[in-house]
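Coordinate analysis (summary)
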Amino acid sequence: MFKIAAAFLLLISVSVGAQEPQLKGGLSSYLTEHKIYPPYSLHNCIQGTVSIGFKLNAKGTIYYSTVKKGIGTDLDDEALRLIRMTNGKWIVPLTHDTTTLVIVSVNFSLSGYDCDRKDKKEIALAIKAYKDEKELIDVVLNFYRNKEKGNYKQEDEIKILQIKADLGIDDEYLDDRVNAGLRKQKQGDIQGACEDFNFVKYMGSDKANDWLVKYCK
């Protein structure tokens, strides 16, 4: 058996005496209940702290969110997902400046998973491998963005298709990504859903086009 721990720290710049935005039911308990340790980092014993920045409007809706400082793996995506899931659940005091960037630091740690035996160099190599794969994904995304603009070489698409095959990005993978986007949409994470739908689009697929029109205008 193994245990997964995630600690959460809310940091926000406010004037003395000012009230901070509060999550209904408490931020730490909410995030602990909903966190899912992402598979790549779990299997490679990758741990660390991810800082997420976000802005709230007066109704408690998150209208902007981003990874401020990450690990460079799927821990970043999970931390961002968790914060986006709190959308609409914030109590925002009248004194809150809605242009203020709220910073939440999410610490991911593992225990009882033999991670203490994992060599630090091996973990560093796993992080590098993840980043290298992400760079290849960006190559594919950029190609199809340029293709949409008419700025591409047709002969280059053969190389792009090979990269996709090497990465395992096939119809099943893209279907899973569309379904992930739909789940995020139901949770109220429209930004995350549209990122998934756009990912599918710029992988050269039309599987998410209808959802892009419906949710991402």
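Residues numbered from 1 in each chain as written. Predicted model: local features only at pLDDT ≥ 70, side-chain atom pairs only at ≥ 80, totals over all residues. Heavy atoms only, no water.

Let us now look at the UniProt feature "domain: TonB C-terminal" (unreviewed entry) in the protein. Under the UniProt annotation, the feature "domain: TonB C-terminal" (unreviewed entry) is placed at residues 22–117. The span residues 22–117 is 25% helical and 32% strand by assignment, and the distance between its end C-alpha atoms comes to 39 Å. (UniProt positions renumbered as here; feature names shortened; annotations may be inferred. Helix = DSSP H or I, 4+ residues; strand = E, 2+ residues; numbered from the N terminus.)

Proteins that are soluble and globular tend to have nonpolar side chains buried together. The biggest cluster of nonpolar side chains holds 31 residues, and the ones touching the most others in it are Ile46, Val50, Phe54, Leu75, Ile83, Trp90 and Phe108. Contributions of two or more residues to this core are made by helix 1 (27–34), strand 3 (48–56), helix 3 (74–84), strand 6 (102–111) and helix 4 (120–148). Excluding anything up to four places from it in sequence, Ile46 contacts Tyr37, Tyr40, Ser41, Ile71, Thr73, Leu75, Ile123, Ala126 and Ile127. Of all hydrophobic cores here, the second largest spans 20 residues; its members include Ile137, Ile163, Ile169 and Phe197. (Core = buried A, V, L, I, M, F, W, Y, C linked by side-chain atoms within 4.5 Å. Buried < 20%, exposed > 50% of the residue type's maximum accessible area, 1.4 Å probe, protein only. Contact = heavy atoms within 4.5 Å.)

What follows covers helix 5 (residues 157–167). Those residues of helix 5 not exposed but buried are Glu157, Ile160, Ile163, Lys164 and Leu167. All buried residues of helix 5 fall inside an arc of 110° around its axis, so they share one side. Opposite the buried face of helix 5, at more than 90 degrees from it, the exposed residues are Ile158, Lys159, Ala165 and Asp166. Of the surrounding elements, those touching the buried residues of helix 5 are helix 4. Backbone geometry just downstream of helix 5 places Gly168 in the positive-phi region, at approximately 80°. (Arc of directions from axis to C-beta.)

All right, on to the pairing of strand 4 (residues 62–69) then. Each regular strand shows side chains that alternate between the opposite faces of the sheet. Bridging between strand 3 and strand 4 involves six bridges; their strand directions are antiparallel. Bridge pairing links Ile52 to Val67 in strand 4. Hairpin remark: strand 3 followed by strand 4, antiparallel, with five residues in the connecting loop; positive phi at Gly60, about 85°. (Pairing = 2+ DSSP bridges.)

The subject of this paragraph is unusual backbone geometry. One non-glycine residue, Cys45, lies in the positive phi region at around 55°. Tracing the backbone shows Cys45 in the loop between helix 2 (39–43) and strand 3. Classification of Cys45 by relative accessible area gives buried; the value is 5%. Residue Asp114 is not a glycine yet carries a positive backbone phi of 60°. Of note, Asp114 is situated in the loop between strand 6 and helix 4.

Another aspect to go through is the packing of aromatic side chains. Enumeration according to the criterion identifies seven aromatic pairs in this entry. Centroid distance Tyr40 to Tyr130: 5.0 Å. Interplanar angle 55°. Geometry classified as tilted. In this pair, Tyr40 sits in helix 2 while Tyr130 sits in helix 4, placing the two residues 90 residues apart along the sequence. Ring plane angle 10° and centroid distance 6.0 Å describe the contact between Trp211 and Tyr215, whose orientation is recorded as stacked. Note that Trp211 and Tyr215 are positioned in helix 8 (residues 209–215) at a spacing of four residues, about one turn of the helix. Look at Trp211 and you get partly exposed, because its relative accessible area is 28%. The residue whose ring lies beneath Arg145 is Tyr202, and the NZ or CZ to ring-centre distance is 5.4 Å. The ring centre of Phe199 lies 3.9 Å from the NZ or CZ of Arg177, which sits over that ring. (Phe/Tyr/Trp six-rings, centres within 6.5 Å; stacked < 30°, edge-to-face > 60°. Lys NZ or Arg CZ within 6 Å of the ring centre and 35° of its normal.)

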